[in-house]
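# Notes for the structure review
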Amino acid sequence: MELIQQAYNVLMTAVIIILAALIILSIIRSILGPGISDRIIAVNMIGTMVIMITAVFSVLLNENYLVDVCLIYAMISFLGVVVLCKVYTGVYLQRKQMRADLAAIEDNLKRQEEEEVEP
């Protein structure tokens, strides 16, 4: 039984090391880009991997409260990605000189059609 426990400890330690390496690669990806959408996806991946590391630590240390920390961090990470997407959408619309309110949808579609006809 002790041999199985040692095997689980080695496996979970290896998983944590692999996830830490993947977090470092995601940080590099979020810095290099090339686009804003790549950066947002990299930040989302980092959040997901931190949640997985916390869950593995919960099992490894046999601490149940870490699962609650995982859930709270997942909600915060989700809200962070939603805010980043909202900001990115606003920047995109501003670059295209489009309005972002609901009444402007038809105007934006007309402007896009006019831009497609001009070239």
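Owing to the predicted nature of the structure, the values given are computational and were not obtained by experimental measurement. Starting from 1, residues in each chain are numbered consecutively following that chain's sequence as written. Per-residue local features of the predicted model are confined to residues with pLDDT of at least 70, and side-chain atom pairs are confined, for both listing and counting, to 80 or more; whole-chain, interface and lining totals are unaffected and use all residues. The basis for every side-chain value is the complete set of non-hydrogen atoms in the structure, without hydrogens or water.

It is worth spelling out a nonpolar patch on the surface at this point. Two joining distances apply to patches: 9 Å for like charges and 5 Å for nonpolar side chains (Val, Leu, Ile, Met, Phe, Trp, Tyr), and every residue must have over 30% relative accessible area and no salt bridge. Accessible surface is estimated by sampling points in the Shrake-Rupley manner with a 1.4 Å probe; for residues, cover comes only from the protein chains shown. Whenever a carboxyl oxygen of Asp or Glu lies within 4 Å of a side-chain nitrogen of Lys or Arg, that contact is scored as a salt bridge. Together, I18, L22, I24, L25, I27, I28, I31 and L32 make up an exposed nonpolar region whose accessible area comes to about 780 Å². A run of H or I in DSSP becomes a helix once it reaches four residues, and a run of E becomes a strand once it reaches two; helices and strands are each numbered from the N terminus. Here L25 lies in helix α1 (residues 2-32).

Moving on, we come to the environment of K96. Relative to the elements of secondary structure, K96 occurs in the loop between α3 (65-95) and α4 (105-117). A C-alpha to C-alpha distance of 41 Å links K96 and T54, two positions 42 residues apart in sequence.

The next subject is the packing of α1 against helix α2 (residues 36-61). Contact geometry of α1 with α2 gives a least axis separation of 9 Å together with a crossing angle of 165°. The orientation of α1 relative to α2 falls into the category roughly antiparallel. The way α1 lies across α2 gives a crossing that is left-handed. Comment: axis = line fitted to C-alpha atoms, over the contacting stretch for helices; angle = value between 0 and 180 degrees taken between N-to-C directions. The cut-offs work like this: below 35 degrees is roughly parallel, past 145 is roughly antiparallel, 65 to 115 is roughly perpendicular, and the gaps in between are oblique. By convention, the crossing between two helices is left-handed when the near helix turns anticlockwise from the far helix through less than a right angle, and right-handed when the turn is clockwise.

On the secondary structure map, S26 appears in helix α1. Contacts: residue pairs with any heavy atoms within 4.5 Å of one another. Not counting residues up to four positions away in its chain, the partners in contact with S26 are A42, M45, I46 and M49.

Attention now moves to the environment of C70. If you trace the backbone, C70 turns up in helix α3. A relative accessible area of 7% places C70 in the buried class. Spatially, the C-alpha atoms of C70 and S58 are 9.2 Å apart, while their sequence positions differ by twelve residues. Exposed residues in this analysis have more than 50% of their type's maximum accessible area, buried residues have under 20%, and partly exposed residues fall in between, with area computed by a 1.4 Å probe over protein chains only.

When charges are tallied, Lys and Arg are placed among the positive residues and Asp and Glu among the negative ones, while His and the ends of the chain are skipped. Charge placement uses NZ in Lys and CZ in Arg. For Asp and Glu, CG and CD serve respectively. On the surface, E113, E114, E115 and E116 cluster together to form a negatively charged patch. Tracing the chain through its elements places E116 in helix α4.

Moving on to the nonpolar core. Here, nonpolar core refers to any group of buried Ala, Val, Leu, Ile, Met, Phe, Trp, Tyr and Cys residues whose side-chain atoms link them within 4.5 Å. Judged by nonpolar contacts, L19, I23, I46, M49 and I53 together constitute the single largest core of five residues. It is α2 that provides the largest number of residues to this core, a total of three residues. For I53, the contacting residues outside a window of four places in its chain are I16, L19, A20 and I23.

Contact geometry for α2 and α3: axes closest at 9 Å, N-to-C directions at 175°. Overall, the two elements α2 and α3 adopt an arrangement that is roughly antiparallel. Two secondary-structure elements touch here, α2 through I36, I40, V43, N44, G47, V50, I51, T54, A55, F57 and S58 and α3 through L66, V67, V69, C70, Y73, A74, S77, V81, L84, C85 and Y88. Asp, Glu, Lys and Arg are counted as charged, while Ala, Val, Leu, Ile, Met, Phe, Trp, Tyr, Cys and Pro are counted as nonpolar; the rest, among them Gly, fall into the polar class. Across the contact of α2 with α3, the residue classes tally to 17 nonpolar, five polar and no charged.

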